[in-house]
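Structural overview
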Amino acid sequence: MAFAQRNGTLCAEQLPLDELAQRFGTPCYVYSRAAIELAYASYSSALAGRDALICYSVKANPNLAVLALMTRLGAGFDIVSGGELARVLAAGGDPGKTLFSGVGKTEIEIEQALQAGVRCINLESEPELERVNALAGRLGRRAPVAFRVNPDVDGRTHPYISTGLRQNKFGVPHDDAERLYAKAAQLPNVEVRGIGCHIGSQLTGPAPFVEAAARVAALASRLEAAGIPIAHIDLGGGIGIHYQDEPPRPVAEFVAGALAALGARRTGLILDPGRSIIGNAGLLLTRVEYVKPGAAKNFLVVDAAMNDLLRPALYDAWHEVRAVREAPAGARPVTYDVVGPVCESGDFLARERPLVAGAGDLLAVMSAGAYGMSMSSNYNSRPRAAEVLVDGAQAHLIRARETIEDLFALERILP
Ligand code: LLP
């Protein structure tokens, strides 16, 4: 197990978290290499023997060390900005295994992607098709494209991370896809490669994922009957992880369902998981600054805040909080809200948790490897946390803690 209690202390692989806090300070993101590799293996083994590509979704955690690890495992990448493309290239990732998604790609970003030689641009609208065609023409290239089709399937997840419904901004409507593909097939500077979809994130069961796969596969068959070959089907990411009491649904179940939905098709399969690769492989290590008893509630005021981990404030997300040091026998837990120092009532990491903790103690906010650091900010002029990747008995600092000077290095006072 990546994170387990050993001799009374919570450890990351072989290293006690209190030692890591001593060495790197808090707040600090801690990741387990073994857990990342194990999660990746759940995909690669479920897809063994198939024409398939796993494109790690960079937005989940874009640290260069993570991207380099993915590259070494053979992964491609799912990116949504020029910034993410630059990270993939800087980490030694293969642009030929990289998909460029997103509703608002700028001209510069599209040019960068074409010049880098990405595997596919996932188009999300008709004007984007026209823009890509024009830019590719100017560069004297043919752009490899797919449409992200909105299959109108309810992912049954939090509304902010549900993307496959008719009312979402993502993808082109399922009913319009055939017309758009026919148009793309006529344009001189684009080459249709495949079809994509992504119905939402933190899906806790395979049913909607499989339903979307079936709808997209049927569409691919109709397109091929109309003379438009479809070389790959990209089913997106979205496979959920364990936060609280979700019954763990193995990745293999989602993959098996999707493969069954594709039936006898020979089409290549692409998946772009983010959270399920790194979510459970990381935690946020934080120290209690104050114990603050209140009239209605008791608070543990910690040194991490919503700027470090936004998910509880933004999605009301539940993250398990564990005390790093095991409670002494007979200690009575007290119910606390775990809050940060930011000046917002929404600044909480967890609410109503029975914990044994005092000032100076360390807490671990679990399952924070995905969309933790990547959504962090400098709100309240707080330097962003350090990131540490543990590999067995070794800890590597993969992102140094920001300094105060970093925060205003780009700012200028009026002359
Ligand atoms: N592919 C596409 C086209 C996506 O839009 C996303 C995520 C993924 C793949 C990866 O999904 P995953 O496997 O990580 O579920 N910040 C939110 C999650 C936003 C997900 C956005 N799109 C959160 O913290 O829950």
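This text follows the structure it describes.
Only a predicted model underlies this, so the values are computations on that prediction, with no experimental measurement involved.

**Side note on the packing of helix H8 (residues 207-225) against helix H9 (residues 251-262)**
For the pair H8 and H9, interaxial distance at closest approach is 8 Å and the crossing angle is 25°. Taken together, the axes of H8 and H9 are roughly parallel relative to one another. Along this stretch, H8 crosses H9, giving a crossing that reads as right-handed. Between H8, through Phe-209, Val-210, Ala-213, Ala-214 and Ala-217, and H9, the contact on the second element is made entirely by Phe-254, Gly-257, Ala-258, Ala-261 and Leu-262. Looking at side-chain class alone, the contact of H8 with H9 contains nine nonpolar, one polar and no charged residues.

**Comments concerning the site of the ligand**
In the vicinity of the ligand, 17 residues are found, and the nearest of them are Ser-201, Asp-272, Arg-275, Arg-311 and Tyr-371. In this structure, an oxygen atom belonging to the ligand sits 2.8 Å away from a main-chain N or O atom of Gly-238. Between Arg-311 and the ligand, the recorded distance is 2.6 Å, taken from a side-chain N or O atom to an oxygen atom. Within the shell around the ligand, the residues separate by chemical class into five nonpolar, six polar and six charged.

**Brief notes about the sheet that holds strand S3 (residues 15-16)**
The strand order across the open sheet built from three strands is S1-S2-S3, with neighbouring strands paired in antiparallel fashion. Each of the sheet's edge strands pairs with one partner strand only, and the pair in question is strand S1 (3-6) and S3.

Rules used in this analysis
Residues numbered from 1 in each chain as written. Predicted model: local features only at pLDDT ≥ 70, side-chain atom pairs only at ≥ 80, totals over all residues. Heavy atoms only, no water. Axes fitted to C-alpha atoms, helices over the stretch in contact; angles between N-to-C directions. Helix = DSSP H or I, 4+ residues; strand = E, 2+ residues; numbered from the N terminus. Parallel < 35°, antiparallel > 145°, perpendicular 65-115°, else oblique. Left-handed = near helix turned anticlockwise from the far one by under 90°. Contact = heavy atoms within 4.5 Å. Nonpolar A, V, L, I, M, F, W, Y, C, P; charged D, E, K, R; others polar. Near = heavy atom within 4 Å. Polar contact = N/O pair within 3.5 Å; in protein donor to acceptor, adjacent residues only side chain to side chain. Pairing = 2+ DSSP bridges.

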